[in-house]
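An overview of the molecular structure
Single-letter residue listing:
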Amino acid sequence: MRQARRGHYRDAMTQLRAAAWLDERAPLPHQYLANVAALRGDWETALAESREALQRSPGNPLYRRNVDALEKKLAEGGSG
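Quick summary incoming for the structure in this document. (Residues numbered from 1 in each chain as written. Predicted model: local features only at pLDDT ≥ 70, side-chain atom pairs only at ≥ 80, totals over all residues. Heavy atoms only, no water.)

**What to know about the pattern of salt bridges**
Put simply, the rule is: Salt bridges, as used here, are contacts in which a Lys or Arg side-chain nitrogen is within 4 Å of a carboxyl oxygen on Asp or Glu. The secondary structure listing takes helices from DSSP runs of H or I that are at least 4 residues long and strands from runs of E that are at least 2 residues long, numbered from the N terminus. For the exposure calls, accessible area comes from a 1.4 Å probe over protein chains only, and a residue counts as buried if that area is under 20% of its type's maximum, exposed if over 50%, partly exposed in between.
One pass over the structure, following the stated rule, counts four salt bridges. Across the salt bridge formed by Arg-17 and Glu-49, the nearest N and O atoms sit 3.1 Å from each other. One end of the pair, Arg-17, is in helix α2 (residues 9–22); the other, Glu-49, is in helix α4 (residues 43–56), with 32 residues separating them in the sequence. Judged by relative accessible area, Glu-49 falls into the buried class, the value being 9%. The salt bridge involving Asp-68 is made with Arg-64; its shortest N-O contact spans 3.0 Å. With Asp-68 and Arg-64 both in helix α5 (residues 61–75), this residue pair falls four residues apart, about one helical turn. Classification of Asp-68 by relative accessible area gives partly exposed; the value is 37%.

In C-alpha cells:
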C-alpha cells in the first residue's frame, strides 16, 4: 500500500495482483486491490475485488460490509 499512498496506483495494483497470484487463497490482497481501485474511483473493480476477498473469507464482516456498500454505491450511480 506504500505505492498507493504515494499516488502510484498502477504500481500498487501490479504489486497486489502479484501477491494475490502468489497466494490464491488469501483474501487480503484482494481487499487491498479493492481499496486502491476505490481510491482511483474505479467502483466496478473495487466491487469485484471485494467479492474476491469475501469469497476467500466468507465469514468476514468487514468484507461483507464492503461488498454491500459498493453494490449500493453502484446501484445509486457509482459517484461520490
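**Description of the environment of Leu-47**
Just so we agree on the cut-off: Contacts were defined at the residue level, with two residues in contact if any of their heavy atoms lie within 4.5 Å.
Along the chain, Leu-47 turns up in helix α4. A sequence separation of 23 residues divides Leu-47 from Leu-70, and the C-alpha atoms of the two residues are 5.7 Å apart. Leaving out residues up to four positions away in the same chain, Leu-47 has contacts with Val-67, Leu-70, Glu-71 and Leu-74.

**Digging into the side chain of His-30**
Looking at the element boundaries, His-30 is found in helix α3 (residues 28–40). For His-30, the contacting residues outside a window of four places in its chain are Ala-20, Glu-49, Glu-52, Ala-53 and Arg-56.

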